[in-house]
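# Coordinate analysis (summary)
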Amino acid sequence: MPKRPLAVQLGITGNLAFAAGCLLRSLRRHSPGLDADILLYTDGTLPARDAALLRDLGAHLVPYTPPDADLPTDALRHLSHMCLAKLEGFRLLAEYTTVIWLDVDTAVQDDISPLAEYGPFALALEDPHFTEAGVTSPASINVSAPCDGLKPDEPNRNTGVMVLRDTLADPEALYRRCLDPFPCTHLHRRTSSVCTILVGA
């Protein structure tokens, strides 16, 4: 079976339906010609009425049980295990030529179609306008102590927008690499830290 050209991947817990709806509406407004399957990963807590509304906005709901992963306690104060859903993008490359992950708090203000030309593994750089210092933070903000493989002074990458393409070598191995016990125990943001290391490798 031939691959589909594009998947836009989202993930929410049940209390983020409004954010997902706003993002879906903005995609419809700014990318009306987007030829993509919009895959919305959910954790089983989404109310049925909200699920129906999100389907009406074009989302395909995908039940998701996060895999076991060693997320630090301090990270779980700010994130849920649903942050690991974005890593499923590596596996989606078996079915799609390109996968774009968008955090549901992303403000889409233009056509996202050109994002599909990036990759094979592309992350957004942190926008300096959203930092207290007015500059892009260093990658070291993701860890509480030095971590092998993470260059502390390189710009912080943000997995809130991530592009994967099927020219990426061995996506399954990269998926496992992101979930395997990691040699650094000081990660605050596991996906951002590990993906930053992989991009820089």
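In what follows, the structure referred to is the one given above.
First, a word on what this report is: a plain description of the structure on this page. (Residues numbered from 1 in each chain as written. Predicted model: local features only at pLDDT ≥ 70, side-chain atom pairs only at ≥ 80, totals over all residues. Heavy atoms only, no water.)

What follows is about the pattern of salt bridges. Here the structure, examined in full by the defined rule, presents six salt bridges. In this structure, Arg-4 engages Asp-37 in a salt bridge whose closest nitrogen and oxygen atoms are separated by 3.0 Å. Placement of Arg-4 in strand 1 (residues 4-12) and of Asp-37 in strand 2 (residues 37-42) is noted, with a sequence separation of 33 residues between them. Looking at Arg-4, the relative accessible area reads 33%, which means it is partly exposed. Within the structure, one salt-bridge network assembled from shared partners comprises Arg-4, Asp-35 and Asp-37. (Salt bridge = Lys/Arg side-chain N within 4 Å of Asp/Glu carboxyl O. Helix = DSSP H or I, 4+ residues; strand = E, 2+ residues; numbered from the N terminus. Buried < 20%, exposed > 50% of the residue type's maximum accessible area, 1.4 Å probe, protein only.)

Looking now at the packing of aromatic side chains. The tally for this structure, following the rule as stated, stands at two aromatic pairs. When the centroid spacing of 5.6 Å and the interplanar angle of 75 degrees are considered together, the rings of Tyr-41 and Tyr-64 count as edge-to-face. Here the residue Tyr-41 occupies a position in strand 2, and Tyr-64 occupies one in the loop between strand 3 (59-63) and helix 3 (73-76), the gap between them amounting to 23 residues. An angle of 85 degrees between the planes, with centres 5.6 Å apart, marks the rings of Phe-90 and Phe-121 as edge-to-face. Of this pair, Phe-90 sits in helix 4 (residues 88-92) while Phe-121 sits in strand 5 (residues 121-125); the two residues are 31 residues apart in sequence, bridging distant segments of the chain. The same class applies to Phe-90 and to Phe-121, which are both buried. (Phe/Tyr/Trp six-rings, centres within 6.5 Å; stacked < 30°, edge-to-face > 60°.)

The strand order 3-2-1-4-6-5 describes an open sheet built from six strands, whose pairing is mixed. Where the open sheet ends on each side, the last strands, each with one partner, are strand 3 and strand 5. With direction set aside, neighbouring strand axes in the sheet form an average angle of 25 degrees. Direction of pairing for strand 2 relative to strand 3: parallel, over a ladder of five bridges. Bridging from a neighbouring strand, Ile-38 pairs with Ala-59 of strand 3. Contacts from helix 2 (residues 48-56) reach strand 1, strand 2 and strand 3 within the one sheet, and its direction differs from that of strand 3 by about 135 degrees. (Pairing = 2+ DSSP bridges. Axes fitted to C-alpha atoms, helices over the stretch in contact; angles between N-to-C directions. Contact = heavy atoms within 4.5 Å.)

Of note, Glu-88 is situated in helix 4. Ignoring any residue separated from it by four or fewer positions in sequence, one finds Glu-88 in contact with Gln-9, Tyr-41, Tyr-64 and Tyr-175.

Moving on: the nonpolar core. One finds Val-8, Leu-10, Leu-27, Leu-54 and Leu-102 to be the most contacted residues of the largest nonpolar core, which totals 26 residues. For this core, the elements supplying multiple residues, two or more each, are strand 1, helix 1 (17-30), strand 2, helix 2 and strand 4 (96-102). Sorting elements by how many residues they give to this core places helix 1 first, with five residues. With near-sequence residues (within four places) excluded, Leu-27 lies in contact with Val-8, Pro-32, Ile-38, Leu-102, Val-108 and Ile-112. (Core = buried A, V, L, I, M, F, W, Y, C linked by side-chain atoms within 4.5 Å.)

A cis amide bond links Gly-119 with the next residue in sequence, Pro-120, at an omega value of 15 degrees. Inspection of the secondary structure assignment puts Pro-120 in the loop between strand 4 and strand 5. Phi is positive for Asp-170, close to 50 degrees, though the residue is something other than glycine. Along the polypeptide, Asp-170 turns up in the loop between strand 6 (157-165) and helix 5 (171-179).

The subject of this paragraph is the environment of Gly-44. Tracing the backbone through its elements, the reader meets Gly-44 in the loop between strand 2 and helix 2. Along the backbone, Gly-44 and Thr-65 are 21 residues apart, and their C-alpha atoms lie at a distance of 8.5 Å.

From the geometry alone we can't say anything about function, so treat these as descriptive.
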